[in-house]
Each structure stands twice: as C-alpha cells, then as structure tokens.
Amino acid sequence: MNSHDMSEKKGKAVLVALQLPGVSDEEHKGSLDELGRLTETLGFEVVGRVSQKRKSASTAAILGSGKLKELAAYTGGRGVVERFKKPGNKADHEELNEDYEDYDIASDDEFEDDELDEGLVIKQQAGIVIFDHELSPTQLKNLEDVTGVEVLDRTGVILEIFSRHAKSREARLQVEIAKLGYLAPRLRLSKVGGDRQGGGIGAKGAGESAHELDKRRIRDRIAELKTQLDAIRNEQNNRRSSRRESPCVALVGYTNAGKSSLMRALTGSEVLVADKLFATLDTTVRAMYPESFPRVLVSDTVGFIKKLPHDLVASFRSTLDEALNASLLLFTVDASDPNFRSQLEVTRTVLREIGADDQDQFIILNKVDNLTDLEIRALRMEFPQAIMISTRRPEDIKRVRDLVLGFFEKDMIEEKFLVPYSKGKLTGPIHEKARVLSEDFEDEGTVMHLRANKEFIDWLRKQLS
Ligand SMILES: Nc1nc2c(ncn2[C@@H]2O[C@H](COP(=O)(O)OP(=O)(O)OP(=O)(O)O)[C@@H](O)[C@H]2O)c(=O)[nH]1
Ligand SMILES: [Mg+2]
C-alpha cells in the first residue's frame, strides 16, 4: 500500500457486529448505531458496516470467511487468518493449537449470509476496525491479522472515551485501573501495535511499556493505583458525611439523556453539557438554585451504556456512591430516542447491581420538544407516573423543582420549641435547616414553631433537653 492510501484511511472506521440468536433486527441496528456514535465521539468517520447473523461469538475469527474478506476489502488486509493456512512453522503451530483449544472453528452451517457480496462497492477504505462485541485477546490478534489494521472492541472504545474525558484525579485513576486490567493481556498478543497502518488512536499508547511489564508488575501497578484511589475516597467520604444532613437527589440515566442539562437548569451551575457520549465522568454536587427550603443538593453522575464493561462499572462505583447516598433518584431519559426503553432498563440493571435501587425514584422523560403531540400522548398513557419535560423550557424545570421539594417536604414534621436565650447559638442551624413558621420572644427565650425533617427535630430536641 502506498502512503497516499494510508493517509486516506486515517480517521476512517469500519464497524462490525454479529447478530446473535434472540437479538431482533431493531436491537441489532440500535446497537450498531450506538457504536457509530461512540466511534464518532473518538473522532472517526464511519465509512462502512459489516454485519452477520451467527449462532455465537466464540469462533477464533468471529466472522465467517466470506465476511472476513468483505471486512478486509475495507482495510486492504489479507482477508484470511494466516496461521490457519500454514501450520508448518513451529511457533504458528503452537498458536494454532491454542486457537483450536479455545474456540470452535466454525463449520460452514454455523452461519448464514457468508458470501462475499460481489456487488459490494467500497467507496472509502478504513484504517481501523471497530467491533460491537468484547473480543478475547486471541480473537483480537486474529482479526488484526486478517485486516492488517488496528482492531478495537466496544470495551476498548468506551475505555478510550473515558480516558479522554476523565478530568479529576479520581476519574483518571479509575480509568487507568480499568485500562490496565483490560489492555494488558491484549497488548501482549497484539501484532499490529508498533507498525499500525494509519488510523491509530493511541489506545495502545502504553504499549511499549506494557510489553516489558510482566503480569506481576501490572498487578503491582494496579494495587498502587488502588491505594491512591482509596486515599482520595476517604477524603471524599469525610466531605460527604459533613453535608449529610441536607437531602440529596441524584440524576441518573443513560449517556446523553440530558442529566447535566437538567443539573444546570436546577442549580444554575456551569457543568459541562455536550452532544457526545460520556461527557460527564465526575460527579458534581450543587445546591438547588434559587435557594430552596429545604436546601436540596443535586448530583450529576456518569451515564450508563449497554454492554458496559464490568471492570468499568466496578471502578465507577464510587462515582455512583453519590447516587447510593441520595434519598431520591431522578431517572433521566431521552424520550426522543427510539431505544429509550431498553436504555432505561440498562440504567435500572446497573443500579440494581451496585445496590442503589431501593431509593424513591421518579422517571423524567426528557427532550419531549423533539416529539409530536401524538407521541407525547402515547407516552403519557405508557408512563402515567413520569413527568415529561424539555430542559430547555423554564416552566418544565420549575415542575421538576416543585416535585423534588414536595417530595422532601412531605416527610417533614411540625413542632414548637422554647429556645432559651442562653442557647442562642442554635438559631443559626435552625434557620438553615428548618422552616420557621412563627417566632415569639418570651421572657425565658424564643418560642419557635418549626417545620423540618425528623432527624433535625430529634437533634434539636436533644440539644434543648
Ligand atoms: N432537544 C433537546 N435536547 C436536549 C435536551 N436536554 C439536553 N439536550 C441535549 O442533549 C445532549 C446531551 O446533554 P447532556 O446534558 O450533556 O447529557 P448527559 O446525560 O449529561 O450525558 P453524559 O454526561 O454523556 O452522560 C446535549 O446536546 C444537550 O443540549 C432537551 O430537552 N431537548
Ligand atoms: Mg453529563
């Protein structure tokens, strides 16, 4: 290939997905569309899609031989797994055995639709292949062999986005831990690494050093990073407990649903809003603004996505601790996305996995400005409890605010206290934490009629006893 071709491929990606049994055409397309958005978030242009119905994703090269050729036509690669053809060489032979042990080499009846489409017209070549499934190290290596270019799987793409968007030290540590765990075995096997033919994104930038690191050193490094992370978390827990008395609501939901937009609108803060996936990786906590009674804290959290790598869920647990600590969850949904129902389900599943599913919750169907009246009416029937909003309409934000305040106020109780003048220093916290319904200055002290949550009333009773 000449250098002219190479520069043309740079920045261009071809997507690949298997449609496994039980996956509908619509879901399959939705997943590929989403992979396309993830890929674009990394700055690539998607120039083609290759997809195939198969019974499993466990064969050594994932696709059938016809589809491998189709894929290679996009990348200018060989189109066949070299080692399968030449088992003569000793090293190759060993690898071949390993492949046979790990995988069924598909027999022809295992897949459909495996003819190289003679009419296939490839307008633009791709310098990188992006798979919609998590690939094993051997599969990744075989595919790089077949295509001659870098291959990334969905997990690799998500890790790369996380790595680019991570801002705080905590987020960076979390991503680095997940990345080491994920990339280490793959780097060892990857052949393309050093001499990638364009399109490289540097996901394997750590490659050179990781080659030398044996497993133990990687383990040590992960342990070291975890210690650093723990230190940061302890500090955060202290901070969190100091503000525990204020009721807290967490915005949770699929990536790009509009959580940060809602956060901005509710709190007047300048959190990042962007039309990209995983714009937010750090949890932000702000008080509702204009100031409210009770004072309510709102936290914005990292978004969810389908097939979220388990390591990543684990490492982002602490980010989601905010959600665990909140007494109310607002499930934010992009109601204008045709796949929002399954996105809502993913959010629920992940939260259940981390144990944050017994709080009270409301569903906020966002972006209804993108819907027709008819669609809105249908949604109202389907989700009678949900509230429908656009974060762009102030009157809708007020409804969310009233809903949240009403929620926290309903648990409040009223009580009268006599606060002696000698305990005047209590008036500060009283005005902060309670609504003062009346205040009468008597000889012994101030008689205050208060409305506040039970914890505060109990605390005050103790101070005055
Ligand atoms: N049409 C429309 N677009 C909206 C609305 N709310 C948010 N958006 C857009 O949706 C995109 C994503 O918004 P964000 O608030 O960043 O979404 P997020 O849920 O925080 O996303 P992540 O941080 O990636 O998880 C942005 O381009 C917003 O401008 C809305 O009510 N209507
Ligand atoms: Mg966000």
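Just so we're clear, the structure is a prediction, and the values are computed from it rather than from any experiment.

Rules of the game
Residues numbered from 1 in each chain as written. Chains lettered and ligands numbered in written order. Predicted model: local features only at pLDDT ≥ 70, side-chain atom pairs only at ≥ 80, totals over all residues. Near = placed C-beta within 6 Å. Helix = DSSP H or I, 4+ residues; strand = E, 2+ residues; numbered from the N terminus. Nonpolar A, V, L, I, M, F, W, Y, C, P; charged D, E, K, R; others polar. Pairing = 2+ DSSP bridges. Expected span 1.5 Å × (residues − 1). Buried ≥ 20, exposed ≤ 12 C-beta atoms within 10 Å, placed from the backbone. Arc of directions from axis to C-beta. Axes fitted to C-alpha atoms, helices over the stretch in contact; angles between N-to-C directions.

With that settled, the discussion passes to the site of ligand 1. Lining the immediate surroundings of ligand 1 are 22 residues, of which Gly-258, Ser-260, Asp-275, Thr-280 and Gly-303 lie closest. Of the residues forming the shell around ligand 1, the biggest block, three residues, is contributed by helix H11 (residues 259-267). Taken together, the residues that form the shell around ligand 1 break down as six nonpolar, eleven polar and five charged.

Here the focus is the sheet that holds strand S8 (residues 328-334). Pairing within the open sheet is mixed, and its six strands lie in the order S6-S7-S5-S8-S9-S10. Of all strands in the sheet, those bounded by a partner on one side alone are strand S6 (284-287) and strand S10 (387-388). One ladder, built from five bridges, connects strand S5 (residues 248-253) with S8; its direction is parallel. If you follow Leu-251 over to S8, its bridge partner there is Leu-330.

This paragraph deals with helix H16 (residues 394-409). The end-to-end C-alpha distance of H16 is 22 Å, a good match for the 22 Å that 16 residues give at a rise of 1.5 Å each. Listing the buried residues of H16 in full gives Asp-396, Val-400, Val-404 and Phe-408. Relative to the axis of H16, the buried residues are bounded by an arc of 115 degrees and lie together on one face. Those residues of H16 that are exposed and aimed more than 90 degrees away from the buried face are Pro-394, Glu-395, Asp-402 and Gly-406.

Cis rather than trans, the peptide bond between Tyr-289 and Pro-290 has omega equal to 0 degrees. If you trace the backbone, Pro-290 turns up in the loop between S6 and strand S7 (297-300). At Phe-278, a residue that is not glycine, the phi angle is positive and equals roughly 60 degrees.

Moving on: the sheet that holds strand S1 (residues 12-19). If you walk across this open sheet you meet the four strands as S2-S1-S3-S4, and the pairing is parallel. A strand with exactly one partner marks an edge of an open sheet, and here the two such strands are strand S2 (45-53) and strand S4 (150-153). Mean inter-strand twist for the sheet, computed between neighbouring axes without regard to direction, equals 25 degrees. Bridge count between strand S3 (residues 128-131) and S4: four bridges; the pairing is parallel. Counterpart to Ile-130 in the pairing with S4 is Leu-152.

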